[in-house]
Amino acid sequence: MKLYLSVDMEGITGLPDQSFVSASRHNYERARRIMTEEANYVIEAAFQAGCSNVLVNDSHSKMNNILIDELHPDAELISGGIKTYSMMHGIDSSFAGAMFIGYHSRAGMPGVMSHSMIHKIRNIYVNDIQVGEIGMNAMIAGFYGVPVLLVSGDNETAKEARELIPNVTSAIVKEAVSRSTVKSLSPKKAGALLQKKVKQAIESRNHTKPLLPPESPMLKVEFTNYGAAELAHMMPGTEIIPDTTIVHYHAKDILEAYRAFLVMIELAAGAEYA
């Protein structure tokens, strides 16, 4: 049984603000170690629960945060920032399940460091389904028939995951006091909770269904300013809805929609104003 782990950083135990998740800031190296330790708790529990292979995809920022020399020796790691499918690179139908570790809530919602990929995005829709990183990534897994078994992060992350994915297991390692303040478990207590939840999620995996994406989806991305929308509109096949900052793209499937989204946000990131 193979397990896929997408590991982000904002939802990792104890991390409250950008000083922990930005490579140039003073708390980042501490956060990398906590992130790696948290991944190890999950990996160890997965092997104990019967998994034969665990693939970890580093999914934060430049995606080279996890310390491979401290990672569980039996796991495999995808590390680096140029990936065709970004936070979901390497997923395919051979996996029995996926887990999203250290995730956060979507843009505009309560939750620690809430956002959707980049801070120039206000909303994302797949058809009329409003999603953030949890929803988009779960649909990529769902394209391959892979259910998301567990999502970990703060209480707002858990709420968002449960609303999107029926019967998903959630692990709340911290509570959002504000967008940059947390009430957190210690790393050791969070690790024990994660191991318990991993076991529970794997044992109940047959009750969690994949989040199936719509066929020929319409991707709509609302940016925070028109300059970002203009730059995203440089992506061939896109249109801007008049008098809005919403750029939409009609894709043949969710894989194409996801790749188009990645191109759009890379373009929009160059806008002068946030």
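Residues numbered from 1 in each chain as written. Predicted model: local features only at pLDDT ≥ 70, side-chain atom pairs only at ≥ 80, totals over all residues. Heavy atoms only, no water.

1. Digging into helix 5 (residues 187-203)
Each α-helix winds once per 3.6 residues, and so residues spaced three or four apart point in a common direction.
Here is step 1 of the chain: Taking 1.5 Å per residue, 17 residues should reach 24 Å; helix 5 reaches 24 Å between its end C-alpha atoms and fits that length.
Here is step 2 of the chain: Considered for burial, the residues of helix 5 that qualify are Ala 190, Gly 191, Leu 194, Lys 197, Val 198, Ala 201 and Ile 202. Seen along its axis, helix 5 keeps its buried residues to an arc of 135 degrees; they face one direction. Among the exposed residues of helix 5, those pointing more than 90 degrees away from its buried face are Lys 188, Lys 189, Lys 196 and Glu 203. (Helix = DSSP H or I, 4+ residues; strand = E, 2+ residues; numbered from the N terminus. Expected span 1.5 Å × (residues − 1). Buried < 20%, exposed > 50% of the residue type's maximum accessible area, 1.4 Å probe, protein only. Arc of directions from axis to C-beta.)

2. Details of the sheet that holds strand 5 (residues 121-126)
Here is step 1 of the chain: Pairing is antiparallel across the open sheet formed by five strands, whose spatial order is 6-5-10-12-11. The open sheet has two edge strands, strand 6 (129-131) and strand 11 (239-240), and neither has a second partner.
Here is step 2 of the chain: Here strand 10 (residues 218-223) pairs with strand 12 (residues 246-250) via five bridges, running antiparallel. Note that in strand 12 the partner of Met 218 across the bridge is His 250. (Pairing = 2+ DSSP bridges.)

3. What to know about the environment of Gly 135
Here is step 1 of the chain: Take Gly 135: it is sitting in helix 3 (residues 133-143).
Here is step 2 of the chain: Gly 135 sits in the buried class, given a relative accessible area of 0%.
Here is step 3 of the chain: Each C-alpha atom, one on Gly 135 and one on Glu 160, is 8.7 Å from the other, the two residues being 25 residues apart in sequence.

4. Regarding the pattern of salt bridges
Here is step 1 of the chain: Applying the stated criterion across every chain, the model contains four salt bridges.
Here is step 2 of the chain: Between Arg 32 and Glu 29 there is a salt bridge; the shortest N-O distance is 3.4 Å. Here Glu 29 and Arg 32 lie together in helix 2 (residues 28-48), a separation of three residues that amounts to about one turn.
Here is step 3 of the chain: Using a relative accessible area of 16% as the deciding quantity, one classes Arg 32 as buried.
Here is step 4 of the chain: Measuring nitrogen to oxygen at the nearest pair gives 3.7 Å for the salt bridge that ties Arg 122 to Glu 222. Of this pair, Arg 122 sits in strand 5 while Glu 222 sits in strand 10, and the two are 100 residues apart along the sequence. (Salt bridge = Lys/Arg side-chain N within 4 Å of Asp/Glu carboxyl O.)

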